[in-house]
Structure formats: structure tokens, C-alpha cells
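Breakdown of the fold
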Amino acid sequence: MEEINELIAQRRQKLEDLIEEGINPYPNNFTPDALSGEISEKYESLDGETLREIEDVFTLAGRIMTKRVMGKAAFVHIQDRKGKIQLYLKRDSVGEESYRQFKKFDIGDFVGIRGRVFKTKTGELSIDVSHVELVVKTLRPLPEKWHGLTDIETRYRQRYVDLIVNPGVKEIFIKRGRLIQHIRNYLMERDYLEVETPMMQPIPGGATAKPFMTYHHALDMDLYLRIAPELYLKRLVVGGVERVFEINRNFRNEGISPQHNPEFTMLEFYQAYATYEDLIDLIEDMLSSAAKELTGSHKVVYEGQEIDLTAPWDRLTVNEAILKYSDADESILTDRTKAFDYAKKVGLEPEERWGLGKILTEIFDEVAEAKLIQPTFITEYPTEVSPLSRKNDDNPDIVDRFELFICGREMANAFSELNDPIDQRERFEAQVAEKDAGDEEAHFMDADYIRALEYGMPPTAGAGLGIDRIVMLLTGSSSIRDVLFFPHMRPEEGRKSAAKELKEK
RNA sequence: GAGCCGCUAGCUCAGUAGGUAGAGCACCUGACUUUUAAUCAGGUGGUCGUUGGUUCGAUCCCAACGCGGCUCACCA
């Protein structure tokens, strides 16, 4: 459906006029040799006198962001990947014909220019343009220069426009890239191998979550989008890949919120002959160094609160955290009936089939999680809620596991891995019973994973980190949508998605 | 899935005790060879989210729906 809009129609007319004049509106032969930001950096501090002696001619290309025409001269700002720079175009410098064409260029169009640096009367470093040509004619007007684009929906749906007019957006994604690079370097320096494991899995495992389903036609088989790479990465440890990591997407068929997107990026890494305590040290160091590298400080301000990422971070057990952040009596920690009643008291709806461990975990989530603002490692999780973790040697009711909380949010989950195949089979069986009892998120039985463990997995510790949440913390973003280029959205035109329309045909 | 709020020009926003709408920027025409929210003069531009209902008449009142945001639930 063609949009009828006066502004677009005018630009189409200009496009046709250009073509008629023999000008290619989409050429591909202009090669810039300079960038706005680099020129600014190099010459900004020099005064006009000094600049006059610099005879270098720079070739730049960029998008016109502002345009002020004063008869036979004009000022424009162009934007390239390193920023913006002002151009000064005089009819007498670029020639009558070029200047006449230039006056038809619109804000948003790409131009290629050549010229020398100078400073204007008001002291702004600019390019005195001697040559200008059209590089791309654009058909849609940009949002206005002053208020810009603020409509959240449009910013997410048309991220390309957001990126053009809101410079802070790109900064977030540059940081995101640098964080991932930092993590990658950090692990590779420690002899980890980066791998990719299946996104489409016949049995979705490694987490408690509702999976997406898909279907392979040629094989006539159902597949799930992965909820975690965990079981595949541990198969690799069995195979002798003793240090391994993957940074990739997980998919969970659950609600959307400022902290949740259906697909999100997870780092998982596994190290043989390490314990969960080794990973506490590693994560502490990896993330605090990341903060230092990305923000220049170990302290970041998030939603008005200063978060201090300087190591070491606080440690509490699940039980300690419950007692610290609630008025619960110590007796609930060992007495299921008392725990059950206390859970109800704090507003939970505990189910009869829940054991003490599950109840305590739920109480912890309810009373303590939101209060863990400064980075805190929570340890001693109940075995009941940790089907893939190694039991503690001294107390089989808890596992060698921790979760990391910052700003009241779970940032990481890690444990010494369960490598006893008989124990693992029993845990899966308990999960299958949960599933049969109606828990949609309980684990499936994964017989091949048991078989792999029967070949022997070295004692191993592994961790998962929500990359998006780390990026949110380090960029001060309060919504996960602000750290994803294309957050999930319903289709613009009603609820009917393209896939549904296809099905109906 | 539930509650609350929002949806008016390309963008940012006003507005109408119910009588089919305004501003700034952008755009068009003209003037202007150091401007920077350039300036000056004139002008164009809207099925007021969608569909119904009430009404002589709805952008405004009512209902349903759509999309978005926030909160809750689920979760990382």
C-alpha cells in the first residue's frame, strides 16, 4: 500500500527532477577519506589563524542533518558514523550549477563533499566546501531537529530513525559490543573455547522455562527453540572441551516486561576442575573489570542509586537472606509446616506438593530479591530447585550453587555441576513427576545427556549471565528494550501476524 | 493474562462545557555570501488509532477492539 503524503510526494518530485537533469540519485562511486569525528578531534583545538595554514582537502560523506540557506551561501551539518560536522557552502566556491542543485537537497539526504577546514566567526570548526554531490536522495523527512524523536513506540519499531536522530542510542550499543568483546577476551585469555550449540533442540533443557515450539517439515519433527545451551555445553566438557563458553540467544515463551524479552542473550561458560567458588571470583573480576573498562569506574549509577562493583561483593546464603530481609522466625528454615504458613503470610500461594526447599526459595524471592541492590552472591540453594547442580558434600539438601543479584535483579546463576549420572537420572525423574503434576516449566528427561554423563564429566563448575541485564546496568537503561536494537513488538497492523496470515491462505 | 495511562499534521505538542481543529519545527514560494532552534514575508498540509453506539450533529460522551507505556503475575 503506497502512502500518500505531501512531503513524500514533494521529495519524489525532486527525485524525478534530478533524474531528468541526468543526475544519478543513488550513485556508488563516492569514497570518503575522512570522518567528521576524526577531523573534530584533530583540529578543534586549533585557532582560525593556524587552520588557515592547513591546506589539506578532506573528502567526506554523510547525511544532511540541518540546513540553513542564506541566499548564495549555506550552512549544513552532516552526520557520519563518527559524529557531525558543519559545512559552509558558497555559490562562488562550489559553482553555480552545483549550488543550484544543492539547494534542492533535503535534510536526510546523503551528500559527498570535499573541502578545507576553517573556523567560522562563531568559532565552530567547519569545512569550507569546494565540491558537493548527491550520494543518496531520500524520500522521507526526518523528525524535527529540536525535539527529535521521543515516541517510544516509533523509536523501537523504526530503530533506524532512532539511531539517526538520537545519538545516545548508538552509544548504548557500542557499549554493548564492548562488553561482549571484554567478556570474550577475558575468557579466551583463560583458555576458554568459544562455541555454538543448537538453537533448535528436540528436548529443551538446562533451565526451568516454557519453550517456543517449531517444526521441521522434511523430518516431520517437532523442535523447541532452546531455553539454555547448558546441556550441550556440558556434553562438550564430557568430550574434553574443558573450558568452554557460548554467548548467544535463548528463547523463553513467557511474559514481556521491562526486564524480559522473548529472546535474550546469555553467556554460559563451563570450567572443568573448578568449583562454584572459583566462579564467584571469576565473575566478580570479569564484571568489575568490565565496568571499569566501559564506564571508567567501578561505580555506576543505576536508577538513582550508586552501585559499587568494586570486589569483593557481599555473600549471603538463601537462609541468611530470608532472615535478614524478613521478620521470619528461624524455625521456618527447618519446619516445612511453619515455612508453608509463613509463605502464605508474605502473600505467596504455596502448593501442597512443594517441599521445604521450594517454599524457602519462593520466600527468598519474595522478601529478599528486590532488596539486593549492591552486588550480592546468594549461596546454598535447596537441592529441590536445582536439578542440575552438585549436592553439597556436608548437606545433601543444598547444592553448591550461587546466584548473583544486582539492583534487585538476578544477573547470574552458577553452580558446581552434577556429574553423577545416577543422581542426575533421579533428579530428572523428579522433574518429570513435576511436569506430570502440571508444572509446565519442569525439565524433560534427557536420556542422551545421562548417557554422556555415564561416559564421565570431570568435576566442573558453570555459570550463566544475562548479558542484556549487565548492559542495562552499565548503560543506565531501565528497560531491556533500550539495549536491544529490535525488541519484540506486536505487528503494527492489528494482532494478526504475518505468520497467521500465511496459515490462513 | 489483569489494572491504570496514552494514541490529534512528517516530528514535538496544544485544543474543542459536542457545531468536522491549532502552534512550533519540517515542507513550498520569495529575499538574504559566516549561520547555528538563522532571520523576514507569504503559503500548503489532518478520514483527531479502528469500528460501532448515543445525538440534528462526535475528534470530544459511551462501548468494543488495536497498538504502546507502566504496575502486577511468570521469569533471566
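Computed from a predicted structure; not experimentally measured. (Residues numbered from 1 in each chain as written. Chains lettered and ligands numbered in written order. Predicted model: local features only at pLDDT ≥ 70, side-chain atom pairs only at ≥ 80, totals over all residues. Heavy atoms only, no water.)

Take the domain arrangement of chain A next. When the domains of chain A are assigned, the result is domain 1 (2–142) and domain 2 (165–325 + 368–489). Distance from the C-alpha centre of domain 1 to the C-alpha centre of domain 2: 48 Å. (Domains from an automatic or database assignment.)

It is worth spelling out the protein's contact with RNA strand B at this point. Around RNA strand B there are 55 residues in total, and Q10, T122, K145, H260 and R469 lie nearest to it. Among the atoms of RNA strand B lying within 4 Å of the protein, the sugar-phosphate backbone contributes 60%. Take Q86: an N or O atom from its side chain is 2.8 Å from a base oxygen of RNA strand B. K121 places a main-chain nitrogen or oxygen 2.7 Å from a base oxygen of RNA strand B. Sorting the residues of the surface near RNA strand B by element identifies α1 (6–20), β1 (58–70), β2 (73–80), β3 (83–90), α4 (91–94) and α6 (152–157) as the ones contributing at least two each. (Near = heavy atom within 4 Å. Polar contact = N/O pair within 3.5 Å; in protein donor to acceptor, adjacent residues only side chain to side chain. Helix = DSSP H or I, 4+ residues; strand = E, 2+ residues; numbered from the N terminus.)

Attention shifts here to the pattern of salt bridges. Following the criterion strictly, the structure yields 35 salt bridges and no others. Note that R190 and E189 form a salt bridge whose closest N and O atoms lie 3.7 Å from each other. For E189, a relative accessible area of 64% corresponds to the exposed category. Residue R409 pairs with E303 through a salt bridge whose shortest N-O separation is 4.0 Å. A residue pair is termed long-range when its members are at least 10 positions apart, and R409 in strand β17 (residues 409–416) and E303 in the loop between β12 (299–302) and β13 (305–308) qualify at 106 residues. Connected through salt bridges with shared partners, the residues R11, K14, D106, D109 and K137 form a single ionic network. (Salt bridge = Lys/Arg side-chain N within 4 Å of Asp/Glu carboxyl O. Buried < 20%, exposed > 50% of the residue type's maximum accessible area, 1.4 Å probe, protein only.)

Spatial strand order, β1-β2-β3-β5-β4: five strands in a closed barrel with mixed pairing. Averaged over all pairs of adjacent strands, the angle between strand axes in this sheet comes to 50°, irrespective of strand direction. Note that strand β4 (residues 110–119) and strand β5 (residues 125–136) share 10 bridges and pair antiparallel. Note on β5: the bridge partner recorded for V111 is L134. Contacting β1, β2, β3, β4 and β5, helix α2 (residues 36–43) crosses the sheet at an angle of about 85° to β3. (Pairing = 2+ DSSP bridges. Axes fitted to C-alpha atoms, helices over the stretch in contact; angles between N-to-C directions. Contact = heavy atoms within 4.5 Å.)

Attention shifts here to the sheet that holds strand β18 (residues 460–466). The eight strands are arranged β6-β10-β11-β18-β17-β16-β15-β14 in an open sheet whose pairing can be described as mixed. Edge positions in the sheet fall to β6 (193–194) and β14 (314–317), since each has one partner strand and no second. Sheet analysis places strand β16 (residues 401–406) next to β17, joined by six bridges and oriented antiparallel. Residue E403 lies in a different strand from β17, and its bridge partner there is N413.

Here the focus is the packing of helix α14 (residues 421–436) against helix α15 (residues 447–454). Their axes nearest at 9 Å, the elements α14 and α15 cross at an angle of 165°. As judged from the angle between their axes, α14 and α15 are roughly antiparallel. For the element pair α14 and α15, the recorded crossing hand is right-handed. Facing α14, whose interface residues are P421, Q424, R425 and F428, α15 presents Y449, I450, L453 and E454. (Parallel < 35°, antiparallel > 145°, perpendicular 65-115°, else oblique. Left-handed = near helix turned anticlockwise from the far one by under 90°.)

Now for the packing of aromatic side chains. Tallying each qualifying case throughout the model produces 15 aromatic pairs. Relative to F105, the ring of F102 has its centre 6.0 Å away and its plane inclined at 80°; by these criteria the two rings are edge-to-face. Neither residue differs from the other here; F102 and F105 are each classed as buried. The interplanar angle of 45° and the centroid separation of 6.3 Å between the aromatic rings of F485 and F486 together place this pair among those described as tilted. Owing to a relative accessible area of 36%, F485 belongs among the partly exposed residues under this scheme. Each member of the aromatic cluster is reached from another via a ring pair, and the members are Y276, W313, F377 and F402. (Phe/Tyr/Trp six-rings, centres within 6.5 Å; stacked < 30°, edge-to-face > 60°.)

Once that is clear, we can look at helix α8 (residues 167–189). With 23 residues, α8 extends 33 Å from end C-alpha to end C-alpha; this agrees with the ideal 33 Å at 1.5 Å per step. Listed in full, the buried residues belonging to α8 are V169, I172, F173, R176, L179, I180, H182, I183, Y186 and L187. Check the buried side of α8 and you find it contacts α6, α7 (159–165), β10 (243–251), β11 (263–272), α10 (276–295) and α16 (467–475). Where α8 ends, the next residue or the one after it, D191, has phi of about 70°, a positive value. (Expected span 1.5 Å × (residues − 1).)

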